[in-house]
Amino acid sequence: MSKKVNLFWWYWLQAVILGIIVFGLAFVLLPDLMLDLFNWLLYSSSPASSLFKSPTATYIIFAHRVLGAVMIGWGVSLLIIVVSLWRLENSLAWYALTFSILAWFIPDTLFSLSSGFAGNALLNLIFFVAFAIPLTATYRHFADFTKNSGLIV
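Everything quoted here is computed from the prediction, not taken from an experiment.

Some words on the overall build of the protein
In step 1: Tallying secondary structure elements over the protein gives six helices and zero strands in all.
In step 2: Each helix (α) and strand (β) of the protein, taken in turn from the N terminus, gives the series α-α-α-α-α-α.
In step 3: Across the 153 residues that make up the protein, the buried fraction comes to 38%.
In step 4: Taking contacts inside the protein between residues at least 6 apart in sequence as the whole, the part at least 24 apart equals 69%.
In step 5: Of the roughly 8900 Å² that the protein leaves accessible, carbon and sulfur atoms contribute 72%.

Looking at the nonpolar core
In step 1: Core analysis: the largest hydrophobic core is formed by 29 residues, its most contacted members being Phe23, Val82, Trp86, Leu97 and Phe131.
In step 2: Mapped by element, the contributors of at least two residues to this core are helix 1 (7-29), helix 2 (31-43), helix 3 (54-86), helix 4 (91-114) and helix 5 (118-137).
In step 3: Per element, the largest residue contribution to this core is nine residues, and it comes from helix 1.
In step 4: Excluding residues that lie within four positions of it along the chain, Phe23 makes contacts with Met34, Phe38, Met71, Leu123 and Phe127.

Some points on unusual backbone geometry
In step 1: Despite not being glycine, Glu89 has its phi angle at roughly 60°, a positive value.
In step 2: By the secondary structure assignment, Glu89 is in the loop between helix 3 and helix 4.

Conventions and cut-offs
- Residues numbered from 1 in each chain as written.
- Predicted model: local features only at pLDDT ≥ 70, side-chain atom pairs only at ≥ 80, totals over all residues.
- Heavy atoms only, no water.
- Helix = DSSP H or I, 4+ residues; strand = E, 2+ residues; numbered from the N terminus.
- Buried < 20%, exposed > 50% of the residue type's maximum accessible area, 1.4 Å probe, protein only.
- Contact = heavy atoms within 4.5 Å.
- Areas by Shrake-Rupley, 256 points an atom, 1.4 Å probe, with all protein chains shown as cover.
- Core = buried A, V, L, I, M, F, W, Y, C linked by side-chain atoms within 4.5 Å.

Below, the structure written as structure tokens:
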């Protein structure tokens, strides 16, 4: 990796992505804890049992585990992009990360806000900013889409 792209941003992105993977693992392995966390975040109440009857709570835990698995898969894909294409300074890495983050952030946040769940939108914003800082800092280096991408545009 050239000195043009600071390794600091490369490590930063890996840390954020590992955070997403760990967050996803928590949904899969600790669903009750994550349900309590989101109940506190969204409803200002942590005990899930006080909000939902058993079949509903069971389904919500199932949905959280599925969400966690999706987060793990997305995180692994992002990590592969960062440790391979980004490290090779392939501009496709920057664009893949940026558009993947936007494709998640925009609809998830708009839906959260329109549904009245500002807490989820705030959580989204934290992750978005964690990605936006290194992506903004490295934009100039990766701005030419055809640079090292192997694509003819």
